[in-house]
Amino acid sequence: MKETIFFKKLLFFSDKNYYKAQFIQQLDYWSYRVISLGFIFLTIGILSGAVWANEAWGSYWSWDPKETWAFITWIVFAIYLHTRTNKNLQGANSAIVATLGFLIIWICYFGVNLLGIGLHSYGSFTLTYS
């Protein structure tokens, strides 16, 4: 019985687990870089959209569903970047926030368009009957 416990502990340090840990670290490294770049572009998009909205509609922000969900997306990824800089929250916590941000992007792009309300209703899906 002591031998099986010893071998189970030894298998934890096997090459397979080492490469798996290396892969997870590389995935974490690249996801941080890609999300950081995407956050910069999202910030530029929200700010330039606000300037365009002021020219088109006379106000920078109108709390339209698309604008609101874009802002929620920005907040979630700002939280992700902050969890990455805090040593106590790195690892699984930042991965959960990144996953939540990914789901919110899907809500922003597809969920809001399916509602078909607001100033961005041109992006809604329409049903055609033949």
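Each value, and the rule that gives it
- Residues numbered from 1 in each chain as written.
- Predicted model: local features only at pLDDT ≥ 70, side-chain atom pairs only at ≥ 80, totals over all residues.
- Heavy atoms only, no water.
- Helix = DSSP H or I, 4+ residues; strand = E, 2+ residues; numbered from the N terminus.
- Buried < 20%, exposed > 50% of the residue type's maximum accessible area, 1.4 Å probe, protein only.
- Areas by Shrake-Rupley, 256 points an atom, 1.4 Å probe, with all protein chains shown as cover.
- Core = buried A, V, L, I, M, F, W, Y, C linked by side-chain atoms within 4.5 Å.
- Phe/Tyr/Trp six-rings, centres within 6.5 Å; stacked < 30°, edge-to-face > 60°.
- Expected span 1.5 Å × (residues − 1).

(A) Region of interest: the overall build of the protein chain. A tally of helices and strands in the protein chain yields four helices and zero strands. The N-to-C order of helical and strand elements in the protein chain reads α-α-α-α. Evaluated residue by residue, the protein chain yields a buried proportion of 21% over its 130 residues. For the protein chain, the accessible area works out to roughly 10200 Å², and carbon and sulfur atoms hold 70% of it.

(B) Representation of the nonpolar core. Counting residues in hydrophobic clusters, the biggest one holds 10 residues: Ile35, Phe39, Val76, Phe77, Ala78, Tyr80, Leu81, Val97, Ala98 and Ile104. Sorting the residues of this core by element identifies α2 (15-57), α3 (65-85) and α4 (92-115) as the ones contributing at least two each. Broken down by element, the residue count for this core peaks at five residues, all from α3.

(C) Up close: the packing of aromatic side chains. Following the criterion strictly, the structure yields eight aromatic pairs and no others. Centroid distance Trp61 to Trp63: 5.6 Å. Interplanar angle 80 degrees. Geometry classified as edge-to-face. Trp61 sits in the partly exposed class, given a relative accessible area of 27%. With 6.0 Å between their ring centres and 75 degrees between their planes, Phe102 and Trp106 make a pair best called edge-to-face. Taken as a pair, Phe102 and Trp106 lie in helix α4 at a separation of four residues, close to a single helical turn. Grouping aromatic residues by their ring pairs yields a cluster made of Phe39, Trp61, Trp63, Phe71 and Trp74.

(D) Highlighting α3. An ideal rise of 1.5 Å per residue puts 30 Å on 21 residues; α3 measures up with 30 Å between its terminal C-alpha atoms. Among the residues making up α3, those that are buried are Lys66, Glu67, Ala70, Thr73, Val76, Phe77, Ala78, Tyr80, Leu81, Thr83 and Arg84.

So yeah, pure geometry; function would need other evidence.
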